[in-house]
There are 2 protein chains.
Amino acid sequence: MEDAKKVSKRTDAVANRARILEAAHSVFAEHGLDLEMQEVAAQAGPGLGTLYGHFASREDLLRAIVQSVIDDTLAQMRAALVSGADDPRKAFLALASAALHVQHQYRPLFAVIRDRRLVKLMDPSYAQRVRMQFLEIPKDLLTQGIQAGAFPQDLDQDMASVTIMGAFINAGNLLGKERSPDELAQQLTQFLLRLFTGQASPEISGDGFPSPT
Amino acid sequence: MEDAKKVSKRTDAVANRARILEAAHSVFAEHGLDLEMQEVAAQAGPGLGTLYGHFASREDLLRAIVQSVIDDTLAQMRAALVSGADDPRKAFLALASAALHVQHQYRPLFAVIRDRRLVKLMDPSYAQRVRMQFLEIPKDLLTQGIQAGAFPQDLDQDMASVTIMGAFINAGNLLGKERSPDELAQQLTQFLLRLFTGQASPEISGDGFPSPT
């Protein structure tokens, strides 16, 4: 009985924390660094005391927002790579799709997340670590593709990585108002695969999704 | 004499405005949307009265900051295209170099310029107009290159444009701490020209700058 109560309390705490972070995301997207704890508490529901129980200060909450957005972005892109592990062309489309969807999902947050004052709140090595994590994802895709013989062996992996991720991000920024994430993912994958492999991809069918093999 | 005085007054006003904008850029990079008119006046020198003579409100000044950064960024990239108008490979390197240098120059400002509250201060059509202007620059490069026979005729120009500009921006963001703008411009140009033309570029010599032709 005592144990069941403990588990239920812990489950409540996890749910509360998630609800607070969700509210904090929306307040942060609206007000950026001017986010106020009272507004977050009002939107999340559980009261200012509970909020401070989870996040000891405004700075703590801001750090948790950044961390959760970055972690979720990386997780969605890594999951895409795993889902296409059997075929580099499928992995390419899955990664493009994940990158464009997550960018669409977090657009208002990405617009304020690079504020220098926010970067200063983080651990000094944080920004560099995140940059490396974002570079590793397209590099993993390229390594898979080179091993499978889909991409040339002598590809400059740093340049290829910044080009692939840059194309995803910039397409979302410049064309994301007119075209859906799925449409852009399909068009970019067609274009980039052709560029990187020197030929149109037979695995991508007319509707832009990998045909079952 | 009267005319000379008028001209000199106008010259002073232009110089004052430029000095205020320069100070405003630095205050804005530090404080984002929390920029205070008094701090700008203190940094610029000419006093709060003169500041309000040039910018009737804080919002006016914020709008002018955005406009000046965007206009200068576009101008530097357009000038690069013009400087390489006789050779698409030279134009490519000049554009890469301008994009990476301007990004380096304005890095702290670009980190806060996408704040939604700032976007709301601008004319409703402003963001879309700027997006189109940023797409036009690589499109002009591609048109030049296709006409000169350097790039294939059937290139998807939208996808090629977001890929080129995205590669420049993302290289600056992810690798700009470790490599200089010139180094990145050279490496990206080598990589992308090879990708887009299907061959290493003979015009780019070992030091990364176009050899005289």
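Going by the structure above, here's the rest.
Residues numbered from 1 in each chain as written. Chains lettered and ligands numbered in written order. Predicted model: local features only at pLDDT ≥ 70, side-chain atom pairs only at ≥ 80, totals over all residues. Heavy atoms only, no water.

1. Focus: the overall build of chain A
Piece 1. Within chain A one finds 10 helices and zero strands.
Piece 2. Seen in sequence order, chain A has helices and strands lined up from the N terminus as α-α-α-α-α-α-α-α-α-α.
Piece 3. The principal-axis extent of the C-alpha atoms belonging to chain A is close to 60 × 45 × 35 Å.
Piece 4. Relative to its full complement of 213 residues, chain A shows a buried share of 48%.
Piece 5. Of all intrachain contacts in chain A linking residues separated by at least 6 positions in sequence, the fraction that spans at least 24 positions is 65%.
Piece 6. Of the roughly 10,000 Å² that chain A leaves accessible, carbon and sulfur atoms contribute 53%.
Piece 7. The positive charge centre, built from 22 side chains, and the negative charge centre, built from 26, are 4 Å apart in chain A. (Helix = DSSP H or I, 4+ residues; strand = E, 2+ residues; numbered from the N terminus. Buried < 20%, exposed > 50% of the residue type's maximum accessible area, 1.4 Å probe, protein only. Contact = heavy atoms within 4.5 Å. Areas by Shrake-Rupley, 256 points an atom, 1.4 Å probe, with all protein chains shown as cover. Lys, Arg positive; Asp, Glu negative; His and termini not counted. Charge placed at Lys NZ, Arg CZ, Asp CG, Glu CD.)

2. Digging into the interface of chain A and chain B
Piece 1. Contacts between the two partners involve 48 residues from chain A, matched on the other side by 48 residues from chain B.
Piece 2. Together, the buried faces of chain A and chain B total about 4,000 Å²; carbon and sulfur atoms form 57% of this surface.
Piece 3. The interface formed by chain A and chain B includes 10 salt bridges.
Piece 4. Of the charged contacts, one joins aspartate 158 of chain B and arginine 179 of chain A as a salt bridge, the two residues approaching to 2.5 Å between their closest N and O atoms.
Piece 5. There are 14 residue pairs in polar contact (both at pLDDT 80 or more) connecting chain A and chain B.
Piece 6. Listing elements by their share of the side of chain A that touches chain B, those giving two or more residues are helix 1 (2-31), helix 6 (107-110), helix 7 (116-121), helix 8 (126-147), helix 9 (157-175) and helix 10 (181-197) of chain A.
Piece 7. No other element matches the 15 residues that helix 9 of chain A contributes to the side of chain A that touches chain B. (Buried area = accessible area lost by both parts, 1.4 Å probe. Salt bridge = Lys/Arg side-chain N within 4 Å of Asp/Glu carboxyl O. Polar contact = N/O pair within 3.5 Å; in protein donor to acceptor, adjacent residues only side chain to side chain.)

3. Points about the relation of the copies chain A and chain B
Two copies of a chain can be linked by a rotation about an axis combined with a shift along that same axis.
Piece 1. With an axial shift of 0.0 Å and an RMSD of 0.0 Å, the rotation relating chain A to chain B amounts to 180 degrees. Expressed as a symmetry operation, the mapping of one chain copy onto the other fits a two-fold axis. Measuring from the rotation axis to each C-alpha of chain A, the shortest distance belongs to glycine 166 of chain A, at 2.0 Å.
Piece 2. Comparing contact sets, 100% of the residues at the interface of chain A also lie at the interface in chain B, consistent with an isologous, same-surface contact. (Least-squares fit on C-alpha atoms with pLDDT ≥ 70 in both.)

4. Observations concerning the environment of glutamate 178 of chain A
Piece 1. Tracing the backbone shows glutamate 178 of chain A in the loop between helix 9 and helix 10.
Piece 2. Judged by its relative accessible area of 44%, glutamate 178 of chain A falls in the partly exposed class.
Piece 3. Between the C-alpha atoms of glutamate 178 of chain A and arginine 58 of chain A, which are 120 residues apart in sequence, the distance is 37 Å.
Piece 4. In this view, glutamate 178 of chain A contacts Gln128 and Met132 of chain B; residues no more than four positions away in its chain are not counted.
Piece 5. In this structure the side chain of glutamate 178 of chain A is engaged in a polar contact, spanning 3.3 Å, whose partner is the side chain of glutamine 128 of chain B.

5. Considerations on the pattern of salt bridges
Piece 1. Taken as a whole and assessed by the stated rule, the structure comprises 18 salt bridges over all chains.
Piece 2. Close ionic contact of arginine 117 of chain B with aspartate 34 of chain A constitutes a salt bridge, the shortest N to O distance being 2.9 Å. Of this pair, arginine 117 of chain B sits in helix 7 (residues 116-121) while aspartate 34 of chain A sits in the loop between helix 1 and helix 2 (37-44), which puts the two residues in different chains.
Piece 3. On the basis of relative accessibility, which here comes to 22%, the residue arginine 117 of chain B falls in the partly exposed class.
Piece 4. The partner of lysine 139 of chain A in a salt bridge is aspartate 158 of chain A, with the nearest N and O atoms 2.8 Å apart. Of this pair, lysine 139 of chain A sits in helix 8 while aspartate 158 of chain A is found in helix 9, placing the two residues 19 residues apart along the sequence.

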